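Single-letter residue listing:
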Amino acid sequence: MHKSLRITAVAAACAIAGGALYGAGAATAGQSTANSTHEPYNIGLLVKDIDTYYGAALDANGTYQASPTSPYAKDLARMESAAKLYIDRAARKAHRHHEKPAVVFDIDDTLLLSLDYEKKTNYTYNSTTWADYVAKADRPAVPGTPDLVRYAKAHGVEVFYNSGLKESQRSAAVENLKKVGADINLDADHMFLKNADTPPPYLSDCATPGTWTCTTVQYKSGTREHIEDLGYEIIANFGDQYSDLDGGYADRTYKLPNPTYFVS
């Protein structure tokens, strides 16, 4: 599975949800917290904050969706607007210098929203249920990001995908991305997935056939280094986890909000 550590991300959720508190002496109305215990923020209240942040609600098909008017959607819209301005400017500069600009996107909760899975599993991960969920190829889009993919391509920027999904999940990922309108460069030369059985040579420091020890940062930064070795200048890298972004090989990074889990 792409997410090595799945927890309700207390610190991230508190920062994003606004009004959620964590730490010594933090308390909500009607809740007394002893300073000496450093009692964490109540997990039931945290889940409510996460639901409010997404505007999570079941649609007619019984799927949890994020509201287009939610704080989550508004945060994404601000980020995407800024990213488009930057891509336009950076692409023109790269072309003037005869460089080949590129952008890199994570997939899970960067392009495809997993809120329905998180809600229905109470924010816990199981490899079997996750694999079944991915195989359905029916996740909704993260609001606005497929448009960002198309925007980059329209401005002469090469689009790549750098995902923790497994090689065996490639066909489902391609099908799902097509459904949400991110039908750009979905071939194996542009979509990099984890292949533990036959890892690429550029990851040889941490992966050999049948043995995968790469951390998320090693895998993702190593893949970005490989993309740049192909002659591209990665002007922007998009992901919902800091481990999607750390390790260099990108001129600018964009951290999308995700208070439902954390990947080290």
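Up top is the structure.
Here we summarise the structure given alongside this text. (Residues numbered from 1 in each chain as written. Predicted model: local features only at pLDDT ≥ 70, side-chain atom pairs only at ≥ 80, totals over all residues. Heavy atoms only, no water.)

Before going further, it helps to examine the overall build of the chain. Along the chain, the regular secondary structure elements total eight helices and nine strands. Buried residues in the chain amount to 48% of all 264 residues. Here the analysis covers contacts within the chain between residues at least 6 apart in sequence; of these, 66% occur between residues at least 24 apart. Surface accessibility of the chain: about 12200 Å² in total, with carbon and sulfur atoms responsible for 52%. (Helix = DSSP H or I, 4+ residues; strand = E, 2+ residues; numbered from the N terminus. Buried < 20%, exposed > 50% of the residue type's maximum accessible area, 1.4 Å probe, protein only. Contact = heavy atoms within 4.5 Å. Areas by Shrake-Rupley, 256 points an atom, 1.4 Å probe, with all protein chains shown as cover.)

Okay, the sheet that holds strand 8 (residues 232-239) next. Strand pairing in a sheet takes place through backbone hydrogen bonds and is either antiparallel or parallel in direction. If you trace the five strands from one edge of the open sheet to the other, you get 5-4-3-8-9, paired in parallel fashion. With one partner strand each, in any of the chains shown, strand 5 (191-194) and strand 9 (253-255) form the two edges of the open sheet. Going from strand to strand, the sheet's axes swing by 20° on average, the running direction of each strand aside. The pairing of strand 8 with strand 9 spans three bridges and is parallel. Counted as the bridge partner of G239 is K255 from strand 9. The strands touched by helix 3 (residues 71-96) within the sheet are strand 3 (100-105), strand 8 and strand 9, with strand 8 carrying the most contacts at an inclination of about 175°. In the packing of helix 8 (residues 216-229) onto the sheet, the strands contacted are strand 3, strand 4 (158-166), strand 5 and strand 8, and the crossing angle to strand 4 comes to about 150°. (Pairing = 2+ DSSP bridges. Axes fitted to C-alpha atoms, helices over the stretch in contact; angles between N-to-C directions.)

Counted under the stated rule, the structure contains 12 aromatic pairs. Judged by centre distance (5.2 Å) and plane angle (75°), the rings of Y117 and W130 are edge-to-face. With a gap of 13 residues between them, Y117 in helix 4 (residues 115-120) and W130 in helix 5 (residues 127-135) connect regions that are remote in the sequence. In this pair, the class of Y117 matches that of W130, namely buried. Both rings, one in W212 and one in Y219, keep their centres 5.5 Å apart while their planes meet at 65°; by these two values the pair is edge-to-face. Classification of W212 by relative accessible area gives partly exposed; the value is 22%. Members of the aromatic cluster, connected to one another through ring pairs, are Y86, F105, F238 and Y254. One Lys or Arg, K100, reaches over the ring of Y232 and ends 4.3 Å from the middle of that ring. Positioned above the aromatic ring of Y64 is the side chain of K119, whose terminal nitrogen or guanidinium carbon lies 5.2 Å from the ring centre. (Phe/Tyr/Trp six-rings, centres within 6.5 Å; stacked < 30°, edge-to-face > 60°. Lys NZ or Arg CZ within 6 Å of the ring centre and 35° of its normal.)

A few words now on unusual backbone geometry. In this model, H98 sits at a positive phi of 55°, which is unusual for a non-glycine residue. Among the secondary structure elements, H98 is positioned in the loop between helix 3 and strand 3. Look at H98 and you get exposed, because its relative accessible area is 74%.

Turning next to the state of the cysteines. In this structure the tally under the stated criterion is one disulfide. Covalent S-S linkage joins C206 and C214, the inter-sulfur distance amounting to 1.9 Å. On the sign convention where negative is left-handed, the bridge of C206 and C214, at about 85° about the S-S bond, is right-handed. (Disulfide = S-S within 2.5 Å.)

Turning our eyes to something else, we now look at the pairing of strand 4. Regular strands place side chains that alternate from one sheet face to the opposite one. In terms of burial, strand 4 is a largely internal element, eight of the nine residues being buried. As judged from the four bridges shared by strand 3 and strand 4, these two strands associate in the parallel manner. Counterpart to V104 in the pairing with strand 4 is F160. In this sheet, strand 5 lies alongside strand 4 in parallel orientation, the contact comprising three bridges. Residue pairing across strands places K166 opposite K194, the latter belonging to strand 5. Chirality of the crossover, the property in question, places the unit of strand 4, helix 7 (residues 170-179) and strand 5 among those that are right-handed. (Right-handed = clockwise from strand over helix to strand, strands pointing away.)

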